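# Summary of structural features
This is what each chain is made of:
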Amino acid sequence: CQGDPLKDHTPPPAKESFIISSINLTSLEANQHLLTDTKGLLCIQEHQLPVLRHKTIESYFRATQIKIHFDSPFLNVNAIAAGTGFIWSSEYMVQPATTDNKTLLRAIKQGRLSIATVVVSTRLSFLVYNFYAFVGGHTNPVAAAPTNALFSAISEDKLARGSPPTVMTGDLNADTADIPE
């Protein structure tokens, strides 16, 4: 993670709970009104939102006291195939995180992963990996292999960071038994 997450943000006092939600959402713009009711962290997969539209969407959410971060979607044969990101309540801090792990960097560029540090309170912070796994893993072991490699790389990245508290959320596109990692 770049920078100090607490430098420009004073987290609220400890809370009893924090809500983490995850949604595969192919039409972000059609569902904006549903997303402004975020009470914690909402992890988005398959947002398909071109980079040129990010600023417009950010302005919409800023007016509602909701913050967003979307990694760039991946263009696949002139069609946007994947994208991940976060929407969160402005009372919390979510700082997008970087990595040196080549498998994870490739997944981020493919619109398959977003990583962030979440600061809920002075006593609670954690790392979140929001993934959009590769399609077909539930019927084909070859199709499940890239997702398994992604999960292995996430484990390596977490260890490289000193094994902080971690949440993984996303669209598995398989059954858990199909992904050995």
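Structure's up top.
## A closer look at the pairing of strand 10 (residues 166-171)
Relative to strand 10, strand 9 (residues 124-132) is paired through six bridges, and the arrangement is parallel. Looking at strand 10, one finds that L127 is bridged to T166. The parallel pair strand 9 and strand 10 is bridged by helix 4 (residues 141-160), and the resulting crossover is right-handed.

## Here we look at the sheet that holds strand 10
Reading across the sheet, the four strands line up as 7-8-9-10 and stay open at both edges, with mixed pairing between neighbours. Only two strands of the sheet have a single partner each, and these edge strands are strand 7 (93-96) and strand 10. Geometrically, the sheet is characterised by an average inter-axis angle of 25° between neighbouring strands, direction not taken into account. Of the strands in this sheet, strand 8 (113-121) and strand 9 touch helix 3 (residues 102-109), which is tilted by about 95° from strand 8. Helix 4 rests against strand 8, strand 9 and strand 10 of the sheet, and its axis sits at about 160° to strand 9.

## A few points about the packing of helix 3 against helix 4
The geometry of helix 3 relative to helix 4 is characterised by a closest axis approach of 8 Å and an angle of 120° between their N-to-C directions. Taken together, the axes of helix 3 and helix 4 are oblique relative to one another. Of the two possible hands of crossing, helix 3 and helix 4 adopt the one that is left-handed. Of the residues in helix 4, those touching helix 3 at T103, L104 and A107 are A149, L150, A153, I154 and D157. Here the residues of the contact of helix 3 with helix 4 sort into six nonpolar, one polar and one charged.

## Examining the sheet that holds strand 2 (residues 41-45)
Spatially, four strands are ordered 1-2-6-3 in an open sheet, and the strand pairing comes out mixed. In this open sheet, the two strands that pair with only one neighbour each are strand 1 (20-24) and strand 3 (66-70). Ignoring which end each strand starts from, the neighbouring axes of this sheet average 15° apart. Sheet topology note: the strand 3/strand 6 (residues 84-89) ladder contains five bridges and is antiparallel. Looking at strand 6, one finds that I68 is bridged to I87.

Rules used throughout
Residues numbered from 1 in each chain as written. Predicted model: local features only at pLDDT ≥ 70, side-chain atom pairs only at ≥ 80, totals over all residues. Heavy atoms only, no water. Pairing = 2+ DSSP bridges. Helix = DSSP H or I, 4+ residues; strand = E, 2+ residues; numbered from the N terminus. Right-handed = clockwise from strand over helix to strand, strands pointing away. Axes fitted to C-alpha atoms, helices over the stretch in contact; angles between N-to-C directions. Contact = heavy atoms within 4.5 Å. Parallel < 35°, antiparallel > 145°, perpendicular 65-115°, else oblique. Left-handed = near helix turned anticlockwise from the far one by under 90°. Nonpolar A, V, L, I, M, F, W, Y, C, P; charged D, E, K, R; others polar.

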